[in-house]
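Observations on chain architecture
The lines below spell out each chain.
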Amino acid sequence: DAGVTQSPTHLIKTRGQHVTLRCSPISGHKSVSWYQQVLGQGPQFIFQYYEKEERGRGNFPDRFSARQFPNYSSELNVNALLLGDSALYLCASSLVGLGNTIYFGEGSWLTVV
Amino acid sequence: GENVEQHPSTLSVQEGDSAVIKCTYSDSASNYFPWYKQELGKRPQLIIDIRSNVGEKKDQRIAVTLNKTAKHFSLHITETQPEDSAVYFCAASRKKADSWGKLQFGAGTQVVVTP
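This report concerns the structure included in the present document. (Residues numbered from 1 in each chain as written. Chains lettered and ligands numbered in written order. Predicted model: local features only at pLDDT ≥ 70, side-chain atom pairs only at ≥ 80, totals over all residues. Heavy atoms only, no water.)

**With respect to the overall build of chain A**
A count of helices and strands for chain A gives zero helices and 11 strands. For chain A, the α and β elements follow one another from N to C terminus as β-β-β-β-β-β-β-β-β-β-β. Taken over the C-alpha trace, chain A has a radius of gyration of 13 Å; the compact-globule value for 113 residues is 13 Å, and the two agree within 12%. Referenced to the eigenvectors of the C-alpha coordinate spread, the extents of chain A come out at roughly 35 × 25 × 25 Å. In chain A, buried positions account for 51% of the 113 residues. When contacts within chain A are restricted to residue pairs at least 6 apart in sequence, long-range pairs at least 24 apart make up 52% of them. As presented, chain A carries roughly 5,200 Å² of accessible surface, and 50% of it is formed by carbon and sulfur atoms. For chain A, the separation between the mean place of its 9 positive charges and that of its 8 negative charges on side chains is 6 Å. (Helix = DSSP H or I, 4+ residues; strand = E, 2+ residues; numbered from the N terminus. Rg over C-alpha atoms; globule rule 2.2 N^0.38 Å. Buried < 20%, exposed > 50% of the residue type's maximum accessible area, 1.4 Å probe, protein only. Contact = heavy atoms within 4.5 Å. Areas by Shrake-Rupley, 256 points an atom, 1.4 Å probe, with all protein chains shown as cover. Lys, Arg positive; Asp, Glu negative; His and termini not counted. Charge placed at Lys NZ, Arg CZ, Asp CG, Glu CD.)

Below, the structure is given as structure tokens:
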């Protein structure tokens, strides 16, 4: 079975631009979460979606938005990119409910120059 | 909100010795505690987890203990091997409808196992 897949794997953007990152969860997983991992730090929660609705939001500005599609895939959008947005963006999927293993994708490395 | 502190930040051990990583959490409503291993340039991978109704769990060379009263949990790796070298993250999650998918991570522990 395929794991959580993300695209693109690497990208370079200029300050002020917009970026869209995509994620396909493990088959059967209806919950998708997004995390930002800055080099040398632990992942920070950005969003959780399931059943196509936002179910949780971390402490990130409104420049960050996301959505989930009927097939449970998801995309993360970041507007007006700042240098500080440079990070590894991880998508995670799980079955719905506490205690279900949360599986991470390989991530999208974003560099803002 | 939840705050998870992790110690030490780096840990060097000789092959065959044991490694212990400790985490504390602040939110008494947290009741799911996974541990992830992340190798350089790779994704975090779950190695073991524990729920608040269990005090200890073991899987081969890896064990996790939980003390709910003191709000701390620990990862124990015995008979360490060079392939155990990686960054290890503890995390916590709350049992609430709007929080179960939100993992609060510690800052990570860089484990180096020397032959």
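More follows now that the structure is in view.
**Description of the overall build of chain B**
Helix and strand counts for chain B stand at zero helices and 11 strands. What you see in chain B, going N to C, is helices and strands ordered as β-β-β-β-β-β-β-β-β-β-β. Whereas a compact globule of 115 residues would reach a radius of gyration of roughly 13 Å, chain B reaches 14 Å, a difference of no more than 12%. Dimensions along the principal axes, computed over C-alpha positions, put chain B at roughly 45 × 30 × 20 Å. Taking the contacts inside chain B whose residues are at least 6 apart along the sequence as the reference set, 54% of them involve residues at least 24 apart.

**Topic: the environment of A:Leu83**
Residue and element names in this part refer to chain A. Note that Leu83 resides in the loop between β8 (74-78) and β9 (87-94). Judged by its relative accessible area of 45%, Leu83 falls in the partly exposed class. Separated by 53 residues in sequence, Leu83 and Lys30 have C-alpha atoms that sit 32 Å apart. For Leu83, the contacting residues outside a window of four places in its chain are Arg15, Val112 and Val113.

**Looking at unusual backbone geometry**
Look at the link from A:Ser7 to A:Pro8: it is a cis peptide, with omega at -10°. Going from B:His7 to B:Pro8, the amide bond is cis rather than trans, its omega being -5°. A positive phi angle is found at A:Lys52, which is not glycine, with a value near 65°. By secondary structure assignment, the location of A:Lys52 is in the loop between β5 (44-50) and β6 (53-57).

**Digging into the interface of chain B and chain A**
In this assembly, 25 residues from chain B lie in contact with 30 residues from chain A. Each partner contributes to the roughly 2,000 Å² buried at the junction of chain B and chain A, and carbon and sulfur atoms together form 56% of this total. Taken together, the links from chain B to chain A amount to one salt bridge. Residue B:Arg43 is joined to A:Glu106 by a salt bridge in which the shortest nitrogen-to-oxygen separation is 3.3 Å. Inspection of the chain B/chain A interface yields five residue pairs in polar contact (both at pLDDT 80 or more). (Buried area = accessible area lost by both parts, 1.4 Å probe. Salt bridge = Lys/Arg side-chain N within 4 Å of Asp/Glu carboxyl O. Polar contact = N/O pair within 3.5 Å; in protein donor to acceptor, adjacent residues only side chain to side chain.)

**Some details on the sheet that holds strand β1 (residues 4-7) of chain B**
All names here are of chain B. The strand order across the open sheet formed by five strands is β1-β3-β8-β7-β6, and the pairing between neighbours is antiparallel. Looking at the sheet topology across the chains shown, the edges are occupied by β1 and β6 (56-59). Along the sheet, successive strands turn relative to each other by an average axial angle of 15°, direction set aside. Summarising the sheet, strand β3 (residues 19-25) and strand β8 (residues 72-77) pair through six bridges and their orientation is antiparallel. Counted as the bridge partner of Lys22 is Ser74 from β8. (Pairing = 2+ DSSP bridges. Axes fitted to C-alpha atoms, helices over the stretch in contact; angles between N-to-C directions.)

**A closer look at the state of the cysteines**
All names here are of chain A. In the structure shown here, the tally under the stated rule is two disulfides over all chains. The disulfide bridge from Cys23 ends at Cys91, spanning 1.8 Å between sulfur atoms. Looking down the S-S bond of the Cys23 and Cys91 bridge, the torsion is -65°, so its handedness is left-handed. Here the residue Cys23 occupies a position in strand β3 (residues 19-24), and Cys91 occupies one in strand β9, the gap between them amounting to 68 residues. (Disulfide = S-S within 2.5 Å.)

**Here we look at the sheet that holds strand β1 (residues 5-7) of chain A**
Where strands meet in a sheet, backbone hydrogen bonds hold them as pairs that are either parallel or antiparallel. Residues and elements named next belong to chain A. Taken in spatial order, the four strands of this open sheet run β1-β3-β8-β7, and their pairing is antiparallel. Strand pairing shows two members of the sheet lacking a second neighbour, β1 and β7 (64-68), which therefore form its edges. Each strand axis lies, on average, 15° off the axis of its neighbour in the sheet, ignoring direction.

Everything listed here is a matter of coordinates, which is why it stays silent on function.
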